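Here is what each chain is made of, one letter per residue.
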Amino acid sequence: MKKLLTLLLLSPLAFAEATQLSANDLGNMSPVEVVSKYLKHFNNADKESLNQLSDSPFIFSRGGIQTAYKRYGDSVDFDGLKKQGWAYSKINTSKLIYEDAMSAMVDINFSRFNKDDEVISTTDVSYLMLRIENQWRMKAGFVFGNLALGAD
């Protein structure tokens, strides 16, 4: 019983410590590293982690249409993407365009692949990033051309 009580009392502390480590890791990451981490969460269809890497609202500009989403996770439908043949995405190139103490812009070219590792699309995106609470967060994505988000 004492062991169970001790475990229950220490669990929140361990969780808080793990959360703090993850926040510190994000604080040490460059804008390009945050975009790379974002893609890992995207490939895992982890909306909550994607939301943690972005600011609210998140703005997408795709094909000349700008849309504000309450959270990044609201912008993407992973089931819809999978129905369109998507299995995973991979960054082909990334480049830091600009960075100061509060903002940054990262350009990436990435491809989406199907389950047979065949490219189904390749897209250029520029991400506007803001430094909030000492962490880089994605604020807006500017897509040159059309990019399916699963619901379209």
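Residues numbered from 1 in each chain as written. Predicted model: local features only at pLDDT ≥ 70, side-chain atom pairs only at ≥ 80, totals over all residues. Heavy atoms only, no water.

**Q** Could you give an account of the side chain of Ser 89, with specific residues and numbers?
**A** Within the secondary structure, Ser 89 sits in strand 3 (residues 88-99). A polar contact of 3.0 Å, which involves the side chain of Ser 89, links it to the side chain of Trp 86. (Helix = DSSP H or I, 4+ residues; strand = E, 2+ residues; numbered from the N terminus. Polar contact = N/O pair within 3.5 Å; in protein donor to acceptor, adjacent residues only side chain to side chain.)

**Q** Hey, could you go over the environment of Tyr 98 for me, with residue numbers and the actual values?
**A** Along the chain, Tyr 98 turns up in strand 3. For Tyr 98, a relative accessible area of 44% puts it in the partly exposed group. On a C-alpha basis, the gap between Tyr 98 and Leu 128 in space is 9.5 Å, while along the polypeptide they are 30 residues apart. Excluding its chain neighbours within four sequence positions, the residues that come into contact with Tyr 98 are Ser 103, Ala 104 and Met 105. There is a polar contact of 2.6 Å between the side chain of Tyr 98 and the side chain of Asp 100. (Buried < 20%, exposed > 50% of the residue type's maximum accessible area, 1.4 Å probe, protein only. Contact = heavy atoms within 4.5 Å.)

**Q** Can you tell me about helix 2 (residues 31-43), naming the residues and giving the values?
**A** Given 3.6 residues per turn, any residue in an α-helix points the same way as the ones three and four places further on. The end-to-end C-alpha distance of helix 2, which contains 13 residues, comes to 19 Å, matching closely the 18 Å that a straight helix rising 1.5 Å per residue would cover. Pro 31, Val 34, Val 35, Tyr 38, Leu 39, His 41 and Phe 42 are the residues of helix 2 that are buried. Projected onto a plane normal to the axis of helix 2, the buried residues spread over an arc of 160° and lie on a single side. Of the surrounding secondary structure, the elements contacted by the buried residues of helix 2 are helix 3 (47-52), helix 4 (78-83), strand 3, strand 4 (103-113), strand 5 (119-132) and strand 6 (135-143). (Expected span 1.5 Å × (residues − 1). Arc of directions from axis to C-beta.)

**Q** Tell me what's going on with the sheet that holds strand 2 (residues 65-69), and back it up with residues and numbers.
**A** In a beta sheet, neighbouring strands are held together by backbone hydrogen bonds and run either parallel or antiparallel to one another. Spatial strand order, 2-1-6-5-4-3: six strands in an open sheet with mixed pairing. Only two strands of the sheet have a single neighbouring strand rather than two, namely strand 2 and strand 3. Direction aside, neighbouring strands of the sheet carry axes that sit 25° apart on average. In terms of strand pairing, strand 1 (residues 54-62) meets strand 2 through five bridges, oriented antiparallel. Bridging from a neighbouring strand, Phe 60 pairs with Thr 67 of strand 2. (Pairing = 2+ DSSP bridges. Axes fitted to C-alpha atoms, helices over the stretch in contact; angles between N-to-C directions.)

That's the geometry; what it means functionally is another story.
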